[in-house]
Amino acid sequence: MNNRLSGEEEIPQAPVICELRNNRPTAQVLRPLDTNHYETWHVAFSHNCKYFAWSCGNRVVRLVQWNKQKTKVGWNNDGSRIVADQNGSPKPWKQIDCPDFVHSIAFGSSVPRKKWRNVKVYHKYNYESENELILAIGLQNGKILTYDVTREQKLVLADHHETITDLRFAPDGSLILLSACKDRTLKVWDMKDDGNMIVTLKGHTRPVRGCGFSHDASLLASVGDGCAVLLWDMKTYKRIRKLTGHYNDVVACEFSSDGALLVTASRDTKAIIWDPHLGIVLKEFFHMSPPPPKILAGGANHTWLRDVAFSPFGTHIMTVADDNQCRFWNVFDNSSPKFVTVLPDSISCCFSPDGRVAAVGSKNGSVHFISYPVSVQKLAQLCRHVIRRIVQNTNNIDRLSVPLPLKRYLMYRDFETFG
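Fair warning: this is a prediction, and the values are worked out from it, not measured in the lab.

**Q** What exactly am I supposed to notice about the overall build of the chain here?
**A** Looking only at helices and strands, one finds four helices and 31 strands in the chain. Residue burial in the chain is summarised as follows: out of 419 residues, 54% are buried. Counted over contacts in the chain with a minimum sequence separation of 6, partners at least 24 positions apart contribute 54%. Summed over its atoms, the accessible surface of the chain is roughly 18,100 Å², and 49% of this surface lies on carbon and sulfur atoms.

This is the structure in structure tokens:
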């Protein structure tokens, strides 16, 4: 069976503009056979596009300033670290040494007026400034190391018992942190309350691989082994529903920026876009042609998806898979990718907040930056995006006094006609 999509050779290539390499010697330690601990399991941009962070090897996270005009990012020949812009001017960078191997990272920013709980108590760590930027780092030993980028303060959160597989901050500025773990639980932490743990969410029967918040942080999704895709209500901390459609372990998920859509990636060779509020499948993006039968999709098919990311405006998704293909899909057309970049051993990806650059992490600790062409969105799509940020729940669309075809459009029921 061909593990490429039909006609993929003619698909345009998205250019790689620069690379971050892991040139730091790694100490010789006893390692499991299934990993070398050089892997860049996660890559992340800060919300204001000022910083980029990645796990680049043996217990190390690097944090560099990111500039849209940057043309060179790398190291000096003498081994010293440097980040240079197009004029050759060095930019500052930071290295965070961690007590254990890193498996996840996430940026969080603060909105001073946004409080998760109305309590007035003394806090050792004051995160009320508009410029607060926190980097959370998930470790193999189940602990979470948080790093205040401005003050360079560290705080350790400890309650999980196995590897932290994913971390997400609520996008509403509350500095609420969500962690996913191989111990089959998710935990919610309040960084504005000195990192106190609020609640443990139990519902997975096997390791949890990924998690994500909706735009207003009212809904969260979690994915994991055993085809699991679960949705949770953040007001009650109760599980709402389980989504069915994958045939293998689900490894990653992300909400669109308007909160109306959810994308999941699985080892069954496909990504699915869901309406999370109704629990239905809207689109499927297959990475093998023809799509594999269930028995192959549920096994070792050599095209396991590793990660998925939504573009900032929700019009494209990006996937990385074990076939060394980094694909960019138009959500309005799932017949074939819009762009493809060949990057061996890719395991993680994300878009920059402005959508102009995509970052892809690899098994050897390096990161490639791909220039992604940004097109002017149609007015209909921009209007839908704004409306759905206000009316996120699809069930509330029926209450709007608008014509039925427009309701269907707002519910993402007709990609082709309006896309």
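Past the structure itself, the notes keep going.
**Q** What is the right way to read the sheet that holds strand β18 (residues 219-224) from this model?
**A** In a beta sheet, neighbouring strands pair by backbone hydrogen bonds and run either parallel or antiparallel. Read from one edge of the open sheet, four strands run β17-β18-β19-β20, paired in antiparallel fashion. In the strand order of this sheet, the two ends are held by β17 (208-213) and β20 (238-242), each with one partner. Pairwise comparison of adjacent strand axes, ignoring direction, gives a mean angle of 25° for this sheet.

**Q** Explain the sheet that holds strand β28 (residues 339-342) here, please?
**A** Spatially, the four strands line up as an open sheet ordered β25-β26-β27-β28, and their pairing is antiparallel. Across the chains shown, the open sheet's two edge strands, defined by having one partner strand only, are β25 (305-310) and β28. The average undirected angle you get between the axes of adjacent strands in this sheet is 15°. Relative to strand β27 (residues 325-330), strand β26 (residues 316-321) runs antiparallel, the two being bridged by five bridges. Each residue of the ladder has a partner; that of methionine 318, found in β27, is phenylalanine 328.

**Q** For this particular structure, what's the right way to read the nonpolar core?
**A** Nonpolar side chains in soluble globular proteins tend to end up buried together. Ranked by size, the top nonpolar core spans 19 residues in total, and within it Leu261, Val263, Ile273, Phe310 and Ile317 carry the most contacts. Taken together, the elements giving at least two residues each to this core come down to β21 (250-255), β22 (262-266), β23 (270-275), β24 (280-286), β25 and β26. Ranked by residue count, the leading element in this core is β25, at three residues. The contacts of leucine 261, once residues within four sequence positions are left out, are Glu254, Phe255, Ser256, Ile273, Trp274, Pro276, Leu282, Phe310 and Tyr412. The next biggest cluster of nonpolar side chains, apart from the first, holds 17 residues, and it includes Cys98, Ile137, Leu145 and Tyr147.

The rules we used
- Residues numbered from 1 in each chain as written.
- Predicted model: local features only at pLDDT ≥ 70, side-chain atom pairs only at ≥ 80, totals over all residues.
- Heavy atoms only, no water.
- Helix = DSSP H or I, 4+ residues; strand = E, 2+ residues; numbered from the N terminus.
- Buried < 20%, exposed > 50% of the residue type's maximum accessible area, 1.4 Å probe, protein only.
- Contact = heavy atoms within 4.5 Å.
- Areas by Shrake-Rupley, 256 points an atom, 1.4 Å probe, with all protein chains shown as cover.
- Pairing = 2+ DSSP bridges.
- Axes fitted to C-alpha atoms, helices over the stretch in contact; angles between N-to-C directions.
- Core = buried A, V, L, I, M, F, W, Y, C linked by side-chain atoms within 4.5 Å.

These figures capture arrangement, not role.
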